[in-house]
Structures are given as structure tokens and as C-alpha cells.
Amino acid sequence: MATQHIGIGMAGFGTVGTGVWETLERNGQLISNRAKDAFSLNIKKAAVRDINKKRIDNAPADLFTTDWQEVVNHPEVDIVVELIGGTTTAFDIVAAALKMKKPVVTGNKALLAERGKELFAISREYNTPVHFEAAVAGGIPVIKAVQDSYVGNRIETMSGIINGTSNYILERMTTAGLDYQTALAEAQDLGYAEADPALDVNGWDAAHKAILLATLAYGFTVPAEEVYVRGIERVRTIDIDFATKLGYAVKLLSVVREHSDGSVEIRTQPSFIPQSHILSSVNGVFNAVAVRGDASGEALFYGRGAGKEPTASSAVGDLVEAAYTFVHAAGHRGFLPYAENGRVLSIDQTETSYYVRFEVEDRPGVIAEIANTLANDGIGISGTHSPVDPENPDKDFSDMVFLLHTCPFGKLRETLKKCEALDCTTAEPVVFRIEKLATD
């Protein structure tokens, strides 16, 4: 069979786009060999914001355009790769490509998490797939694993550390005793955090990925507004120090869990993870996702969650899968939602035990006032402590920690509102869930 030359159109040619080019240049022949010379992959056109910016030395000048429609409409472009980010222009690009029956590869988790319902409907209507391995956990092939390898399993839980920036910051706060702002600045200096790190530190980057994993596992598109998200901005070294002494590590954890009534729990927040669990040892900018199937048991997917080459690796893997489908006319091979209805469990119905830190006035009776408020609402207390703040060890005590028994989160929230209204408290309480993971 003669080799078919598959034309690739790129929307975005930044860090990851450059990585895709370099990977195809370096391993293009290897890919063709593995495909038994059925096809070769060739980038034909790339849309960029600045046409004059210096890019790959061996890329022809006429490769680039500032008009994404030139990419999608190009007669030699068979597959479109979207890497510009955002949810507006990126949506237009992906929708246009699908309507022209050109398969799409994207690394845009925000786009699929927030507008996936619309795009998957277009994908179904035009029988043209969207591939998005690069959207979750960089170079870790967790999307294909959940979609294909676990097809015979009911997925019970997925627990993941899926934002490298937050993970690096929390590690530095843990191992070097840095405060949050210093650790964030260090991450920015090293290129691990953007100049505007909001989506990383406020939890939404991880939450978008969790939404995609839940959509894959349970077959329905998850409304982003129904997902509970908290970031790491209020984590202090006092919390990390206390967690360590109790045998926990502090991580920004995403949890996806199916309940017996069919509802799905989806949440992202700073959590105490037992040091005995393997996720507690995931450090730096690495990511990991623990997946538990009813037949397979628990498996861990671990690796680099971001960066040029790991993310490009996932994008190129999707390109190869799209090319196989294109060449062999095999029909739709991307993901399509298969459940008409699904229910996200209200965060108020979720249950764990908790660590709660109150900022309080330094005066007698503080413990009793808070403890009475908790007890009156039926929330059990397993311990109290007034820890020394590592960031300000000479300061008069102004923090009071309560360890609380398992209760519904909604009940806790209502009670904490009452605690916040007490004269002795000076700020909104800081809450960490104390997680019990599958292998504990």
C-alpha cells in the first residue's frame, strides 16, 4: 500500500506546538515505520499571533499565518491541532474543523470542560472525533487508559495530583519551610508558574482535568458550575507543619468518585493525604492519578504533568491515532458521551473528617466558644491544638486548630458560618479535608 501523506494544521505554535514540530521532525520516520508506511505526518500550515516572531529554524516562512481559517480551510490539511487555549476562538476553530470532517487534536482542558457538551454534539453529528490526551496530565497516557484499557471496568474512584505548579509550591512550603508567596515567586522564577498563576493556584486547572476524567469514566458531560473547587492560596506553613506531625502530606487533590446511588462526587481542594499513601510522595511538578476499577483494582499513572516534550508526546500520540482512523476510514475513534443523564453529587452531601484552622483573638474562653458551637450542631471533635506559627514563632497565639470527625460538608459549612460570627474569631476558617484513599 502506498504511503498516504497526512497534512497537519496547527492552531498555535508556542511551547507545545514547537514540541509537536520537533517530535515529528525527530521521530517522523519512526512513526511511519510503526505504521508500516501506511502514512506520514506533515505540518502544512500553522496559525500564530505574531508572524514575525522567530520560531523553528528549518520551518519555511510560508508555513505561518495569522488567520486560523487559512489553517482549517487549507486543502492539504487533514487533521487540525488546537493549542491556543481559551474557550472562544478555540471553540470556533474546533467546531469549524469538525464540521469540515477534519479530526481535531487538542490540549485545551478548559475548552472541553466548559464547552465540551457543544463540541461533543458537533463531533457526533459530523462523525468526526476530538482527541484530547494532551489536555490531562501532560505526558501521562491516562485518557487512553480510562477510555480504552478500563472499558471493561466500572471505575469506582480516581484521585489525582494533576497540577504541577501547585504541587511544586506545596512541596517547597513543606521541605524548605517557605511561605506561600515566596514559594510562588520561586516557581515563577523557574518557569513552573505563569506570570498570572491564577488558574493553577485557585484550583481550576486541576478541576478542568478532573471534569474530563469524570466525563470519560461516567459518560455524561459534567457542568463545571456543579463542581466544587478550592485552591492553595490560603495554605500556610502552620497547616503543613501540623499535617506533617500528624502523619499527613498537604496536596491539592482532585477526587472523582461514584456513589451507590449513581451520583458522582467531583471536587478539587487542598487535602491532608496519609503519608502511607503513594500520592503523598508525588513531588515537584510531577502529576499522578490513582484509578480504581471494580475488576482491575487500583493502578497509578505517574509522570510529568506539563512541559513542552511531555505534552507534545501526548498530542503526537493523538495525531497518530487520528491518522490511523483517517487512512483506514475506521469511523469515529474519539470520545463521545454515552450517558444521557448523570448527576453530580452536591458538595454538601460529601463526607470526610476535617482539619479546621480558626484565626482567633488571644483571650480566655476561645476554645470553649468554638467547641460549644460545634457540639451544639452535633459535630464531633477529635482534638484541638494551638500551634506555633513557623512563619512568626514569637507571635501571641492567634490560631486554633480543631480536628473534626466525619460529617457532611454542608453541615460543617453551616456551623462554620456560626463560628465565623463569634466575637472571638477574626477571619473565615480554613478547612482541609482529611482524606481516606482507596488503599489506606
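Heads up: the structure comes first, above all this text.
So, how was this worked out
Residues numbered from 1 in each chain as written. Predicted model: local features only at pLDDT ≥ 70, side-chain atom pairs only at ≥ 80, totals over all residues. Heavy atoms only, no water. Disulfide = S-S within 2.5 Å. Phe/Tyr/Trp six-rings, centres within 6.5 Å; stacked < 30°, edge-to-face > 60°. Helix = DSSP H or I, 4+ residues; strand = E, 2+ residues; numbered from the N terminus. Buried < 20%, exposed > 50% of the residue type's maximum accessible area, 1.4 Å probe, protein only. Lys NZ or Arg CZ within 6 Å of the ring centre and 35° of its normal. Pairing = 2+ DSSP bridges. Core = buried A, V, L, I, M, F, W, Y, C linked by side-chain atoms within 4.5 Å. Contact = heavy atoms within 4.5 Å. Patch = residues over 30% accessible without salt bridge, like charges linked within 9 Å, V, L, I, M, F, W, Y side chains within 5 Å. Areas by Shrake-Rupley, 256 points an atom, 1.4 Å probe, with all protein chains shown as cover. Salt bridge = Lys/Arg side-chain N within 4 Å of Asp/Glu carboxyl O. Expected span 1.5 Å × (residues − 1). Polar contact = N/O pair within 3.5 Å; in protein donor to acceptor, adjacent residues only side chain to side chain.

Draft legend 1. Just the state of the cysteines, in detail. For the structure on display, the rule yields zero disulfides. The closest cysteine sulfur to the non-disulfide-bonded Cys419 is located on Cys424, 8.0 Å from its own sulfur.

Draft legend 2. View of the packing of aromatic side chains. Evaluation of the coordinates by the stated rule reveals 16 aromatic pairs. Ring geometry for Phe120 versus Phe132: centroids 6.2 Å apart, planes at 50 degrees, classification tilted. Placement of the pair is Phe120 in helix α4 (residues 109-125) and Phe132 in the loop between β6 (130-131) and α5 (142-149), with a sequence separation of 12 residues. Note on Phe120: relative accessible area 3%, which makes it buried. Where Tyr168 meets Tyr192, the ring centres are 5.0 Å apart and the plane angle is 65 degrees; that geometry is what we call edge-to-face. With a gap of 24 residues between them, Tyr168 in helix α6 (residues 164-175) and Tyr192 in the loop between α7 (180-189) and α8 (198-201) connect regions that are remote in the sequence. When its relative accessible area of 37% is taken as the criterion, Tyr192 is described as partly exposed. Taken together, the aromatic side chains of Phe242, Tyr248, Phe272, Tyr355 and Phe432 make up a single cluster linked through ring pairs. The aromatic ring of Phe91 is capped on one face by Arg115, whose charged end is 3.7 Å from the ring centroid. The lysine or arginine in question, Arg433, covers the ring of Phe409, its NZ or CZ lying 4.7 Å from the ring centre.

Draft legend 3. Quick peek at the sheet that holds strand β4 (residues 79-82). Pairing is parallel in the open sheet, where six strands are placed in the order β3-β2-β1-β4-β5-β6. Single-partner strands in this sheet number two, and they are β3 (64-65) and β6. Taken together, the two bridges between strand β5 (residues 104-106) and β6 define a ladder with parallel strand orientation. In the strand pairing of β6, Val104 is matched with Val130.

Draft legend 4. Structural detail: unusual backbone geometry. Positive phi outside glycine occurs at Lys36, with the angle close to 55 degrees. Topologically, Lys36 is positioned in the loop between α1 (15-34) and β2 (39-47). Positive phi is not limited to glycine here, since Lys101 has a value of about 60 degrees. Structurally, Lys101 is set in the loop between α3 (89-99) and β5.

Draft legend 5. Focus on the nonpolar core. The biggest cluster of nonpolar side chains holds 80 residues, and the ones touching the most others in it are Phe132, Val142, Ile169 and Ile266. No other element matches helix α9 (residues 204-218), which puts 10 residues into this core. Among all residues touching Ile266, those that are not within four sequence positions of it are Ala210, Ala214, Val222, Val227, Tyr228, Val255, Val256 and Val344. With 31 residues, the next largest nonpolar core counts Ile31, Ala35, Ala38 and Ile79 among its residues.

Draft legend 6. View of a nonpolar patch on the surface. On the surface, Ile278, Leu300 and Tyr302 cluster together into a nonpolar patch covering about 280 Å² of accessible area. Looking at the secondary structure, you find Ile278 in the loop between β10 (264-274) and β11 (286-293).

Draft legend 7. The environment of Val130, seen in detail. Take Val130: it is sitting in strand β6. C-alpha separation for the pair Val130 and Ile367, spaced 237 residues apart in sequence, amounts to 55 Å.

Draft legend 8. Representation of the pairing of strand β9 (residues 248-258). The element β9 is largely enclosed, with a buried count of nine among its 11 residues. The sheet contact formed by strand β7 (residues 155-161) and β9 spans four bridges and is antiparallel. Directly across from Thr157, in β9, lies its bridge partner Arg257. In this sheet, β10 lies alongside β9 in antiparallel orientation, the contact comprising 11 bridges. Considered in β10, the bridge of Ala249 is made with Ile273. From the end of β9 to the start of β10, which pair antiparallel, there are five residues, and Gly262 there has a positive phi angle of about 90 degrees.

Draft legend 9. View of α6. Taking 1.5 Å of rise per residue, the 12 residues of α6 would be expected to cover 16 Å, and the 16 Å separating its terminal C-alpha atoms lies within 8% of that figure. Counted residue by residue, α6 has nine buried out of 12 residues, so it is predominantly covered. Gly164, Thr165, Ser166, Asn167, Tyr168, Ile169, Leu170, Glu171 and Met173 are the residues of α6 that are buried. The elements touched by buried residues of α6 are β7, α7, α8, α10 (237-246), β9 and β11. Between the side-chain oxygen of the N-cap and the backbone nitrogen of Thr165 there are 3.4 Å, and the N-cap of α6 in question is Asn163.

Any functional reading would require information beyond the geometric quantities listed.
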